Amino acid sequence: MKSIFLSVVFSCSLFARPDRPASFLGKWHSISKVSAIEEVVFYPDNIVRLSDDRYAFDQRYFLSPDSSKPEGSFKGVFQLINVGKLVKESKVDLRLLEKDVMELSINEKKMILKKD
């Protein structure tokens, strides 16, 4: 039920601005040398790839603009799905600090990413 609600909210946000692509789309890499996630790639079809030097896994994302924060802030979820079943859902907050720098929080764990 919660995922249906989030998908409806995300769809409505797409219809509100169909001419503007999401500013977070593309390939981002971690600035930190100790982060477990080294690269994050946001695809336009609601897929996000999280990877390090050995592994990569895809998740579905549902993000919508966060009206309680400044422009460039988004909140939503990442969903890990295996064989058609939801395995894990993570709470996500995304904030664009600059045009090519973002702060990504996954379940309250923050990382700083720079766009490639």
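Look up a bit, the structure's there.
Anyway, here's the lowdown on the structure attached to this text. (Residues numbered from 1 in each chain as written. Predicted model: local features only at pLDDT ≥ 70, side-chain atom pairs only at ≥ 80, totals over all residues. Heavy atoms only, no water.)

This next bit is on the pairing of strand S6 (residues 85-98). Inspection of the sheet shows strand S5 (residues 73-82) paired to S6 by 10 bridges, in the antiparallel sense. In the strand pairing of S6, Asn82 is matched with Lys85. Counted between consecutive antiparallel strands, the loop separating S5 from S6 contains 2 residues, among which Val83 sits at a positive phi close to 50 degrees. As judged from the 6 bridges shared by S6 and strand S7 (residues 101-106), these two strands associate in the antiparallel manner. Along S7, the bridge assignment pairs Asp93 with Ser105. Counting the residues that bridge the hairpin from S6 to S7 gives 2 residues. (Pairing = 2+ DSSP bridges. Helix = DSSP H or I, 4+ residues; strand = E, 2+ residues; numbered from the N terminus.)

Our next topic: the pattern of salt bridges. Evaluated as defined, the whole model comprises 6 salt bridges. Glu103 is the partner of Arg95 in a salt bridge, and the nearest nitrogen-oxygen pair spans 3.4 Å. (Salt bridge = Lys/Arg side-chain N within 4 Å of Asp/Glu carboxyl O.)

Time to look at a nonpolar patch on the surface. Together, Ile31, Leu97 and Ile112 make up an exposed nonpolar region whose accessible area comes to about 220 Å². Topologically, Ile31 is positioned in the loop between strand S1 (26-30) and strand S2 (39-42). Given the relative accessible area of 43%, Ile31 is considered partly exposed. (Patch = residues over 30% accessible without salt bridge, like charges linked within 9 Å, V, L, I, M, F, W, Y side chains within 5 Å. Areas by Shrake-Rupley, 256 points an atom, 1.4 Å probe, with all protein chains shown as cover. Buried < 20%, exposed > 50% of the residue type's maximum accessible area, 1.4 Å probe, protein only.)

Attention shifts here to the packing of aromatic side chains. On inspection of all chains with the given rule, the structure shows 5 aromatic pairs. Ring centres 5.1 Å apart and planes at 70 degrees place the aromatic pair Phe24 and Phe42 in the edge-to-face group. Within this pair, whereas Phe24 is found in the loop between helix H1 (2-16) and S1, its partner Phe42 is found in strand S2, the two being separated by 18 residues in sequence. With respect to class, Phe24 is no different from Phe42; both count as buried. Taken together, the ring pairs in this structure connect Phe24, Phe42, Tyr61, Phe74 and Phe78 into an aromatic cluster. (Phe/Tyr/Trp six-rings, centres within 6.5 Å; stacked < 30°, edge-to-face > 60°.)

Glancing now at the nonpolar core. Phe42, Leu94, Met102 and Leu104 are the most contacted members of the largest nonpolar core, which totals 19 residues. Of all the elements in the fold, those that place two or more residues in this core are S2, strand S3 (47-51), strand S4 (56-65), S5, S6, S7 and strand S8 (109-115). Those residues within four positions of Leu94 in sequence are excluded, and the remaining contacts are Phe24, Phe42, Leu63, Gly72, Ser73, Phe74, Met102, Glu103 and Leu104. (Core = buried A, V, L, I, M, F, W, Y, C linked by side-chain atoms within 4.5 Å. Contact = heavy atoms within 4.5 Å.)

One closed barrel holds the 8 strands; their spatial order is S1-S2-S3-S4-S5-S6-S7-S8, and the pairing between them is antiparallel. Pairs of neighbouring strands in the sheet enclose a mean axial angle of 30 degrees, with direction left out of account. Where S7 meets S8, 6 bridges bridge the pair, whose relative direction is antiparallel. From the neighbouring strand, Ser105 faces S8, where its bridge partner is Lys110. (Axes fitted to C-alpha atoms, helices over the stretch in contact; angles between N-to-C directions.)

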